[in-house]
Amino acid sequence: MSSSKSFHDVATSSIFAVIALASLGCASAHAQTKPDTSKMPWMNKALSPDERADMVLGQMTLDEKIQMVHGTGWGVLRAGAPIPARSNFGAGFMAGIDRLGIPDINLADSAVGIRMAAYQGRYATLLPSTLGAASSWNPDSAFLYGSVIGRELRALGFNMSIGGGVDITREPRNGRNFEYTGEDPILAGTMTGQLEKGVFSQHVMNDIKHYAFNDQETGRSVVNVLLDKKAMRESDLLAFEVSIGIADPSGVMCSYNLVEGSYACENDYLLNQVLKKDFKFKGWVLSDWGATHSTVKSALNGLDQEMPGDDNYFNAPLKKAIEDRQVPTARLDDMVHRILRSMFAAGVIDDPPVRTVVDPFRGRDEAQQIAEESIVLLKNSAAILPLKPSASASIVLIGSHADVGVLSGGGSAQVDSPGGNAANPKPGGSHWGEAIYFPSSPLKYIQAKSPQASVKYIDGTDTAAAAKLAKASTTAIVFVNQPMREDLDAATLSLPNNQDALVEAVAAANPNTIVVLETGGPVSMPWIQHVKGAVEMWYPGIGGAQALANILFGEVNPSAKLPVTFAKDDTQLPHPTIPGLEGVTFTPSGRQHKVKPFDLNYTEGAKVGYKWFEATNQQPLFPFGFGLSYTTYAYSGLTVDDASHTVHFTVRNTGQCEGTEIAEVYVALPSAAKESYKRLAAWQRVKLAPGQSKDVTLTLHPLSLTVFNTDQNGWQLLPGDYNVMAGPSSSDTPLKATLRIHP
Ligand code: BGC
């Protein structure tokens with residue numbers, strides 16, 4: 001595949017040029033022939049999805065089977081590509097088998113909300129970034145997140161979501177970290193798994209991606225990732241294992257990159273051995289868009305469906321390979337069985353989507369609720385926060401279009417903003433590479449919290465003017481941003497566009513400076529000592545400004561904690577510069593091309609994020625699991641039950657206001673494990689009134705206690721003493737106890 005194949009030509013002009021064409025077929029669109037199901041025994045809901053799938057399979061011709069194992073092409077994603085008459089204008093389309101009552105599969109990108117709503121004048125809710133949502137450490141919130149996506153997909157006529165990114169934050173500058181759920185495999189796997197369970201709860205097929213080791217965008221279709229199997233299983237693959245175990249996904253999308261010399265979409269180890277055998281994955285493997293590279297090798301090594309389907313590996317060539325017996329028919333049947341059983345299991349055949357108007361109010365409220373649990377208070381010197389409404393106060397907001405909106409993430413996770421880009425409105429949908437702001441205005445909601453105060457905005461492009469206005473104000477709030485997107489990593493952890501200098505200048509002019517960050521992932525903060533407050537709001541979604549205002553004024557007490565380590569600077573990272581970056585050139589529209597193949601040796605192994613910092617004895621800027629509150633908490637009385645692997649301790653609210661503390665438990669394995677770091681093993685959100693104490697009992701995650709034994713190809717619980725630690729963050733664990741595991 002040429003790297004350009006993986007890019008999407010989603011420019012508004014091209015989209016609207018093809019609408020006319022597509023609408024020719026619209027008379028028949030959404031009018032898939034309704035078959036007489038009374039003669040179809042597989043429509044009996046009392047049978048299992050597998051039984052039903054096999055009954056359908058028994059009726060299918062070779063051509064019908066081949067039709068199901070590939071999509072119909074780039075469609076709306078590429079200017080000039082044909083669009084099937086019944087396509088719902090999403091990222092992908094598989095034509096159903098009318099005579100057997102098998103519906104089309106209409107797939108929509110939907111990592112943080114549904115993509116390309118503008119295409120047909122539709123609306124979709126923008127949720128906080130998934131990395132933001134992971135900062136809640138709240139599995140229920142993740143489930144709600146997924147159910148919003150599932151509900152809106154149904155309303156828009158889609159029956160499959162392609163989201164569910166769970167590539168861990170091995171590379172903190174990865175352009176897609178905002179679509180993922182952080183650096184810890186157990187936390188990320190749990191949050192993404194619950195999210196996708198939420199999608200499934202709406203009778204929409206769900207997905208987990210990008211399998212696997214698509215941890216950076218630089219050279220993503222040519223990079224060959226090298227890592228030993230033990231480290232693979234204990235890091236990235238563990239996040240997939242946990243999320244797949246929870247979500248039981250319909251699909252797993254294999255990624256663009258190579259792993260140990262073989263493309264991920266034709267990688268026997270990843271697909272057959274680990275995903276299908278060890279993880280017992282029952283759904284189907286679909287290729288990332290243009291990530292299929294062969295017919296026979298891919299088919300034998302575990303790929304089940306070529307997407308978007310115009311690279312011509314799984315249509316005529318696969319039919320020929322079946323006829324020539326290069327690929328056994330049983331393998332094709334397995335591919336189709338996996339697709340059919342997932343359709344039955346999700347309910348898209350029994351309970352197909354019904355078009356409705358998306359409820360924007362419900363979606364916005366839920367997005368705000370999730371955002372309020374996602375915003376992390378990083379610094380609060382001299383209790384500058386919460387702000388108090390005051391008639392004499394003068395507040396200046398500086399930068400990042402804080403007068404009109406909040407930033408969103410780009411690429412195939414981009415959701416279209418209602419009314420167009422709030423920072424630069426123009427007709428049509430979003431353009432790849434443009435920073436899109438959603439109309440949730442921090443200025444408006446901050447002013448509403450303190451109606452008597454003077455609240456002003458200055459854009460920050462003139463540093464001296466911003467500093468002057470800050471000097472004349474009682475409080476300065478600088479909004480800094482880091483726009484991120486698919487196919488482009490941040491070259492460094494530094495904020496782009498001289499924003500560090502802006503913060504320094506404002507902080508020098510006004511001692512009461514607070515910084516609000518709208519970033520895709522971790523960034524460096526060379527100015528942190530000079531500001532009193534810092535708040536990470538990520539990309540906070542359509543309810544973001546209200547959520548922020550509620551946090552800044554203390555109506556909501558912040559509870560979120562970082563799901564990623566913030567390094568002081570790039571030199572602290574395992575790879576101080578992004579591997580392969582030097583070879584990347586860009587097209588005029590800012591997309592990657594012409595990257596030479598290269599090896600990327602993940603020498604840090606399973607030591608990702610906080611594990612790397614602990615193993616190399618470095619202090620980060622902010623540790624994994626860190627986040628402040630307007631109240632304080634005390635931990636006491638850790639005990640461990642050796643037989644059940646449960647821990648017990650008490651958390652008390654020692655401050656003046658109600659709050660929710662995320663209590664974290666870590667384990668360090670016995671010396672036989674030869675690990676120089678601890679692992680997250682359990683956590684819980686604990687809601688506490690002032691002065692209240694609660695006892696917390698948690699079971700340590702079994703996969704946090706085990707090592708992967710490659711000789712036995714299985715998880716192994718080593719005998720010995722395990723150091724158990726509990727506390728408010730990975731670098732602050734005041735409670736210690738020992739778990740004794742004896743043979
Ligand atoms: C992305 C996938 C996305 C697909 C379809 C690819 O470029 O990597 O995440 O689902 O395009 O838009």
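All chains use their own residue numbering, which begins from 1 and follows the written sequence. Owing to the predicted nature of the model, reporting of local features is limited to residues with pLDDT of at least 70; listing and counting of side-chain atom pairs is limited to 80 or more, with chain, interface and lining totals taken over all residues. The side-chain figures draw on all heavy atoms in the structure; neither hydrogens nor water molecules are used.

Okay, the environment of Trp42 next. Helix numbering and strand numbering both begin at the N terminus, where a helix is a DSSP run of H or I of at least 4 residues and a strand a DSSP run of E of at least 2. The residue Trp42 is located in the loop between α1 (12-24) and α2 (49-57) in this model. To sort residues, take the accessible area from a 1.4 Å probe on protein chains only and compare it with the maximum for the residue type: under 20% means buried, over 50% means exposed, and anything in between is partly exposed. Residue class for Trp42 comes out buried when judged on its relative accessible area of 5%. C-alpha of Trp42 to C-alpha of Met55: the two residues are 13 residues apart in sequence and 6.0 Å apart in space. Sequence-distant contacts of Trp42, that is, excluding residues within four places in its chain, are made with Arg52, Met55, Val56, Gln59, Leu100 and Phe344. Any pair of N or O atoms that falls within 3.5 Å is considered a polar contact. Within protein, one atom must be able to donate a hydrogen and the other to accept it, and sequence-neighbouring residues count only if both atoms are side-chain atoms. A polar contact of 3.1 Å, which involves the side chain of Trp42, links it to the backbone oxygen of Leu100. Any two residues whose heavy atoms approach within 4.5 Å are treated as being in contact.

Turning next to helix α6 (residues 185-200). Note that an α-helix has 3.6 residues per turn; residues three or four places apart therefore point the same way. With 16 residues, α6 should reach 22 Å at 1.5 Å per residue; the first-to-last C-alpha distance of 22 Å fits that figure. The N-terminus of α6 is capped by Asp184, whose side-chain oxygen sits 2.9 Å from the backbone nitrogen of Ile186. Multiplying 1.5 Å by the residue count of a helix minus one yields the expected span of that helix.

The next point concerns the site of the ligand. Near is defined per residue: the residue qualifies when any heavy atom it owns lies within 4 Å of the molecule or strand. As a structural note, the neighbourhood of the ligand is formed by 17 residues, with Asp109, Arg176, His210, Asp288 and Glu486 the closest of them. When the ligand sits alone it has 310 Å² of accessible area, and the protein chains cover 100% of it. Exposure was quantified through the Shrake-Rupley algorithm and a 1.4 Å probe, taking into account, for residues, occlusion by the shown protein chains and nothing else.

DSSP bridges decide pairing: two strands pair if at least two such bridges lie between them. The four strands lie next to each other as β24-β23-β28-β29, forming an open sheet whose pairing is antiparallel. This sheet does not close on itself; its edge strands, each paired only once, are β24 (679-688) and β29 (735-741). Each adjacent strand pair in this sheet contributes to an overall mean axis angle of 20°, direction not counted. To obtain each axis, a line is fitted to C-alpha atoms, and for helices this fit is confined to the stretch in contact; angles are then taken between N-to-C directions over 0 to 180 degrees.

Once that is clear, we can look at the packing of aromatic side chains. To pair, rings of Phe, Tyr and Trp, with the six-membered ring standing in for Trp, must have centres within 6.5 Å; the planes then decide the type, stacked if under 30 degrees apart, edge-to-face if over 60, and tilted in the middle. All chains considered together, the criterion is met by 12 aromatic pairs. The interplanar angle of 45° and the centroid separation of 5.4 Å between the aromatic rings of Trp137 and Phe624 together place this pair among those described as tilted. With Trp137 in the loop between α4 (130-134) and α5 (139-155) and Phe624 in the loop between α18 (610-615) and β21 (633-641), this pair connects stretches of sequence that are 487 residues apart. When the ring centre of Tyr269 is taken as reference, the NZ or CZ atom of Lys229 above it lies at 4.6 Å. Charge-over-ring placement is defined geometrically: NZ (Lys) or CZ (Arg) within 6 Å of the ring centre, and within 35 degrees of the ring normal. Seen from the ring of Tyr666, Lys678 lies directly overhead, with NZ or CZ sitting 5.9 Å from the centre.

Another point: the side chain of Glu372. Tracing the backbone through its elements, the reader meets Glu372 in helix α13 (residues 360-372). A residue counts as positive if it is Lys or Arg and as negative if it is Asp or Glu; His and the chain ends are not included. In what follows, salt bridge is the name for a side-chain nitrogen of Lys or Arg lying within 4 Å of a carboxyl oxygen of Asp or Glu. Buried charged residue Glu372 carries no salt bridge. Nearest counter-charge: Lys449, at 7.4 Å. Sequence-distant contacts of Glu372, that is, excluding residues within four places in its chain, are made with Ala547, Asn550, Ile551 and Val556.

With that out of the way, let us pick up the environment of Ala316. Topologically, Ala316 is positioned in helix α11 (residues 316-323). As for Ala316 and Pro386, which are separated by 70 residues in sequence, their C-alpha atoms are 64 Å apart.

Structurally, a disulfide amounts to a covalent bond that connects the sulfur atoms of two cysteines. In this description, the term disulfide denotes a pair of cysteine sulfurs within 2.5 Å. The full count for this structure, using the stated rule, is one disulfide. Disulfide partner of Cys254: Cys265, at an S-S distance of 2.1 Å. Sign of the S-S torsion, about 110° for the bond between Cys254 and Cys265, identifies this disulfide as right-handed. Of the two residues, Cys254 sits in strand β6 (residues 251-254) while Cys265 sits in the loop between β8 (262-263) and α9 (268-278), which places them 11 residues apart along the sequence. In terms of burial, Cys254 and Cys265 fall into one category: buried.

So, about the side chain of Arg154. Tracing the backbone shows Arg154 in helix α5. Judged by its relative accessible area of 15%, Arg154 falls in the buried class. In contact with Arg154, not counting residues within four places along its chain, are Gln202, His203, Val204, Asp351, Pro352, Pro353, Val354 and Arg355.

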